[in-house]
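Results of the structural survey
Here is how the chains run, residue by residue.
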Amino acid sequence: MVPRFITDLEQEYDKKFPSNPATIFYPAEGEEEQAFREMLQKAVETDTPLTEKDLEDFFGKKGYAWLKEWYKEWYGEIIWK
């Protein structure tokens with residue numbers, strides 16, 4: 001895993017929704033990163049946190065399940081409240 005800087009948008013999202021794990025799944029680059037950033041921005045603007053279902057829709061059920069299991073090694077069990 002290549003480290004990256006946390007974006008201002010991620011910090012803003014985490015301040016607004018402190019117990020929401022969505023930013024853990026932030027893609028590192030490319031079109032997927034741009035689309036995810038837009039999704040986070042909309043969540044911040046509408047004061048509506050992302051849900052686990054939103055991430056399943058974004059990455060696909062299998063893709064999200066794989067990511068959740070992979071990130072579990074880095075962050076521990078990811079719990080949505």
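These notes cover the structure that comes with them. This one's a predicted model, so the numbers in the text were calculated from it and none came from an experiment. Residue positions are counted from 1 within each chain, in the order its sequence is given. Totals for whole chains, interfaces and linings use all residues, but because this is a predicted model, local features are given only for residues with pLDDT of at least 70 and pairs of side-chain atoms are given and counted only at 80 or more. Note: side-chain values were computed over all heavy atoms of the structure, leaving out hydrogens and water.

**A word on the environment of Glu10**
Labels follow the DSSP assignment, with helices taken as runs of H or I lasting at least four residues and strands as runs of E lasting at least two, numbered in each case from the N terminus. Checked against the element boundaries, Glu10 lands in helix α1 (residues 8–16). Accessibility expressed as a relative area gives 2% for Glu10, which makes it buried. Sequence separation of Glu10 and Glu52 is 42 residues, and the distance between their C-alpha atoms is 17 Å. Contacts are assigned to residue pairs with any non-hydrogen atoms lying within 4.5 Å of each other. Excluding its chain neighbours within four sequence positions, the residues that come into contact with Glu10 are Arg4, Phe5, Thr23, Tyr26 and Leu40. Throughout this description, buried means an accessible area under 20% of the type-specific maximum (1.4 Å probe, protein chains only), exposed means over 50%, and partly exposed covers the range between.

**Structural notes on helix α2 (residues 30–46)**
For a helix, the expected span equals 1.5 Å multiplied by the residue count minus one. Over its 17 residues, α2 extends 25 Å from the first C-alpha to the last, a length consistent with the 24 Å expected when each residue adds 1.5 Å. Of the residues making up α2, those classed as buried are Glu33, Phe36, Met39, Leu40, Ala43 and Val44. Each buried residue of α2 sits inside an arc of 135° when the element is viewed along its axis, so together they form one side. In α2, the exposed positions angled more than 90 degrees off the buried face are occupied by Glu31, Lys42 and Glu45. At its buried positions, α2 is contacted by α1 and α3 (52–59). Backbone geometry just after α2 places Asp47 at a positive phi near 55°. Here, the arc refers to the directions that run from the helix axis to the C-beta atoms.

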